[in-house]
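One letter stands for each residue in the lines below.
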Number of protein chains: 2
Amino acid sequence: MERAMTQVFPRTDKSIVADDGDALHFCSTCAFSRACLDEGMDKSALMDLHVLVEHVGPFHAGEHVFREGDPFDAIAAVRAGTVKTYVIDRDGREHVLGFHLPGEVIGLNAIDGDHYPCNAVALDTVMLCRFSFPKIAVLATRVPGLQRQLFRLLSRDIGRAALLAGDWSADQRLAAFLIGLSRRLAARGFSPNRFQLTMARTDIANYLRLAPETVSRVLKRFQADGLLKVDRRELELAGRPALEALAAPVLRD
Amino acid sequence: MERAMTQVFPRTDKSIVADDGDALHFCSTCAFSRACLDEGMDKSALMDLHVLVEHVGPFHAGEHVFREGDPFDAIAAVRAGTVKTYVIDRDGREHVLGFHLPGEVIGLNAIDGDHYPCNAVALDTVMLCRFSFPKIAVLATRVPGLQRQLFRLLSRDIGRAALLAGDWSADQRLAAFLIGLSRRLAARGFSPNRFQLTMARTDIANYLRLAPETVSRVLKRFQADGLLKVDRRELELAGRPALEALAAPVLRD
DNA sequence: CGTGTAATTGACCGCTCTCAAACGCGGTGG
DNA sequence: CCACCGCGTTTGAGAGCGGTCAATTACACG
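Residues numbered from 1 in each chain as written. Chains lettered and ligands numbered in written order. Predicted model: local features only at pLDDT ≥ 70, side-chain atom pairs only at ≥ 80, totals over all residues.

*Asks:* Would you take a moment to explain the protein's contact with DNA strand C for this structure?
*Replies:* In the vicinity of DNA strand C there are 15 residues, among which Ala200 and Ser216 of chain A together with Ser169, Ala211 and Thr214 of chain B approach most closely. Listed by contribution, the elements that provide at least two residues to the surface near DNA strand C are helix H6 (201–208) and helix H7 (212–224) of chain A together with helix H7 (212–224) of chain B. The element contributing the most residues to the surface near DNA strand C is H7 of chain A, with six residues. Per-class residue counts for the surface near DNA strand C are six nonpolar, four polar and five charged. (Near = placed C-beta within 6 Å. Helix = DSSP H or I, 4+ residues; strand = E, 2+ residues; numbered from the N terminus. Nonpolar A, V, L, I, M, F, W, Y, C, P; charged D, E, K, R; others polar.)

*Asks:* Is there a simple way to explain the protein's contact with DNA strand D in this structure?
*Replies:* Around DNA strand D, a shell composed of 15 residues is seen, among which Ser169 and Thr214 of chain A together with Ala200, Arg201 and Ser216 of chain B lie nearest. The set of elements that each furnish at least two residues to the surface near DNA strand D consists of H7 of chain A together with helix H6 (201–208) and H7 of chain B. Per-element tally for the surface near DNA strand D: the top contributor is H7 of chain B, with six residues. When its residues are assigned to classes, the surface near DNA strand D shows six nonpolar, four polar and five charged.

*Asks:* I'm lost on the interface of chain B and chain A in this one. Help?
*Replies:* Frequently, the measure chosen for interface size is the accessible area removed from exposure when the parts meet. Counting residues at the interface gives 32 residues for chain B and 32 residues for chain A. Elements with a contribution of two residues or more to the side of chain B that touches chain A: strand E5 (94–100), helix H3 (133–142) and helix H4 (144–165) of chain B. The dominant element in the side of chain B that touches chain A, judged by the number of residues it contributes, is H4 of chain B, at 15 residues. In the side of chain B that touches chain A, the residues fall into 15 nonpolar, seven polar and ten charged. (Contact = placed C-beta atoms within 7 Å.)

*Asks:* What exactly am I supposed to notice about the pairing of strand E3 (residues 74–80) of chain A here?
*Replies:* Within a regular beta strand, the side chains point alternately toward one face of the sheet and then the other, so they alternate between its two faces. Residues and elements named next belong to chain A. Among the seven residues of E3, seven are classified as buried, and the element is accordingly described as predominantly covered. For E3 and strand E8 (residues 126–132), the ladder comprises six bridges, and the chain directions are antiparallel. If you follow Val78 over to E8, its bridge partner there is Leu128. Examined bridge by bridge, E3 and strand E6 (residues 105–106) share two bridges and lie antiparallel to one another. Paired with Ala77 across the two strands is Val105, which belongs to E6. (Buried ≥ 20, exposed ≤ 12 C-beta atoms within 10 Å, placed from the backbone. Pairing = 2+ DSSP bridges.)

*Asks:* I'm lost on unusual backbone geometry in this one. Help?
*Replies:* Glycine aside, a negative phi is what most residues show, and trans is what most peptide bonds show. Residues and elements named next belong to chain A. Residues other than glycine seldom take positive phi values, yet Arg209 does so here, at roughly 60°. By the secondary structure assignment, Arg209 is in the loop between H6 and H7. We classify Arg209 as partly exposed; it has 18 C-beta atoms within 10 Å.

*Asks:* Can you walk me through the domain arrangement of chain A in this structure?
*Replies:* All names here are of chain A. The domains assigned to chain A are domain 1 (31–158) and domain 2 (166–251). Inter-centroid distance (C-alpha atoms) of domain 1 to domain 2 is 25 Å. Taken residue by residue, the interface counts eleven residues in domain 1 and eight residues in domain 2. For the side of domain 1 that touches domain 2, the leading source of residues is strand E5 (residues 94–100), giving four residues. The residue inventory of the side of domain 1 that touches domain 2, partitioned by class, reads five nonpolar, three polar and three charged. (Domains from an automatic or database assignment.)

*Asks:* Please explain helix H3 (residues 133–142) of chain A as it appears in this structure.
*Replies:* The α-helix advances 3.6 residues per turn, and as a result positions three or four apart in sequence lie on the same side. All names here are of chain A. All of the buried residues in H3 are Phe133, Ile136 and Ala140. Taken down its axis, H3 places every buried residue within 60° of arc, on the same side. In H3, those exposed residues whose orientation departs by more than 90 degrees from the buried face are Pro134 and Arg142. (Arc of directions from axis to C-beta.)

*Asks:* Quick question: what am I supposed to make of the relation of the copies chain B and chain A here?
*Replies:* For the pair of chain copies, the relating operation is a rotation around an axis with a shift along it. Overlaying chain B with chain A gives an RMSD of 0.0 Å, the required rotation being 180° about an axis along which the chain moves by 0.0 Å. Put plainly, the chains are arranged around a two-fold axis. Take the interface residues of chain B: 100% of them recur as interface residues in chain A, which is what a same-surface contact looks like. (Least-squares fit on C-alpha atoms with pLDDT ≥ 70 in both.)

*Asks:* Sorry if this is basic, but what is going on with the environment of Arg67 of chain A here?
*Replies:* All names here are of chain A. With respect to the helices and strands, the residue Arg67 is situated in the loop between strand E2 (64–66) and E3. For Arg67, a count of 12 C-beta atoms within 10 Å puts it in the exposed group. As a C-alpha pair, Arg67 and Tyr116 span 49 residues in sequence and 6.9 Å in three-dimensional space.

*Asks:* Where do I start with the sheet that holds strand E7 (residues 119–122) of chain B in this structure?
*Replies:* Either a parallel or an antiparallel arrangement is found when strands of a sheet pair, and the pairing is made through backbone hydrogen bonds. Residue and element names in this part refer to chain B. The strand order E2-E7-E4-E5 describes an open sheet built from four strands, whose pairing is antiparallel. Looking at the sheet topology across the chains shown, the edges are occupied by strand E2 (64–66) and E5. Across the sheet, the mean angle separating the axes of adjacent strands is 30° when strand polarity is ignored. Two elements, strand E4 (residues 83–88) and E5, share six bridges in a ladder whose sense is antiparallel. Across the sheet, the residue bridging to Lys84 is Phe99, located in E5. Contacts from H6 reach E4 and E5 within the one sheet, and its direction differs from that of E5 by about 100°. (Axes fitted to C-alpha atoms, helices over the stretch in contact; angles between N-to-C directions.)

*Asks:* When you look at the UniProt feature "domain: HTH crp-type" (unreviewed entry) in chain A in this model, what are you seeing that I'm missing?
*Replies:* What UniProt calls "domain: HTH crp-type" (unreviewed entry) maps, in this numbering, to residues 168–241 of chain A. Span residues 168–241 of chain A is 55% helix and 15% strand, its end C-alpha atoms 19 Å apart. (UniProt positions renumbered as here; feature names shortened; annotations may be inferred.)

*Asks:* Teacher, can you tell me more about the packing of helix H5 (residues 170–187) of chain B against helix H8 (residues 240–251) of chain B here?
*Replies:* Each pair of packed helices can be summarised by the angle the axes make with each other and by the distance between the axes. Residue and element names in this part refer to chain B. The interhelical angle for the contact between H5 and H8, taken along N-to-C directions, is 95°, at an axis separation of 8 Å. Here H8 runs roughly perpendicular to H5, going by the angle between their axes. Taking contact as the criterion, the partners of Asp171, Gln172, Arg173, Ala175, Ala176, Leu178, Ile179 and Gly180 in H5 are, on H8, Leu243, Glu244, Leu246, Ala247, Pro249, Val250 and Leu251. By residue class, the composition of the contact of H5 with H8 is ten nonpolar, two polar and three charged. (Parallel < 35°, antiparallel > 145°, perpendicular 65-115°, else oblique.)

The structure is reproduced here in structure tokens:
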């Protein structure tokens, strides 16, 4: 199995102040700008938004973007790479809250409070767009489309969190995880049926609330049943329909 | 064991347009008004907020406040009673998303989308304050305190959803559920160590992702160990420290 | 070519679910 | 007032899924 392409979000910036007459495209790698375009936000508002964007990175694998307890002052959109958010409980066990792919936003759960409630660490080389939250909140009062977009992002995360809450079997959990990953990658223009897992088995296990051994066993059985081909962290969804069927009750579709 | 007081949120409305010189108190039963007061929102803003509040109810036990797929146009604060939100999966199994006590807000997870993504049903006699969302969103652009409050409510729910996601034992889940209930009731002025469960065992089971039989067994064992006294739906937390200890890793404190 | 860490594999155990039946309270009607 | 019924709850026995523990393998890196 040959190597899949690196998961770098395709950069299509034209110019900071580009105006090609029709649509305005700058920093389209930032989830916000893109989503706000879809919301029909006008040009001047987008300009206002963009001036408070700060491109940060790269963060290398293992480097933290923020840690639990750090003062909260910004949310960030992932531009390239994968960010893992997690907490450590008092027993020292790690609970993975989520994996954030290019185009997705981290830090939303910190809005209630002055400090980040979790850790965020880069799993590979990560580039971010940083949005000062106080500033964006002020801007949101002037730009209804932006406020709406923020509400949507927050509301969506509430629903997403419920995904994990169900009492699904290990097979269903893993299938839903892989299908979910596939769809999110596809939405960003990556190959849906062939990609690489940027996270360790242990991370997947801690995310799905399974033992690492169980993850390993299920992946092996999936491969034996022809549902997928696994080689280390390279992944190919071979039996997508069957996987979709397994994941359907979890993803509610 | 004698009957506990009915869970009706104490109504302290003075007048729709009351102004007693110092603080402004009207419809303090609405979570929003109260929270916004805490945010230091000014008087005229509160007036603006209040004019788009609509008191609805009573809903009687078993009546639905809204159903999955209904067009979304409003969020609501519970004023009295308990509301259960839930979804039915394709296998016909009910998944309880949450129980909403007086002072809490329902419908937040509908903001992303045009339709309610779940059902909401009254477990006992329920009174609501209904807030038109389009209108409150517009008002939020003029009133930063209100926008902030909405962000907080949304962000808080994201964190709360994570509670259920952990791989906790049945004992831990139930202890966390009871302690959480107790704290929320206490925050509204109810007795923390003695209250009644407004939901059926089956509802608790569907919420905690346990079998009803397991809920029954754990409650019995808790009683045998002196952690609590159960009589039908009357509940007394007898061994609060032990319960808190069990719940601690779940509630993260 | 050694070493450390992640991943896999196997054996065993325990928690919780499932299935089934009995119980008990509330409601209805005789 | 009592018999009957229905549903939520409780109780019991058994089984299965996934966790735990331990050993082995595979790979990455120096």
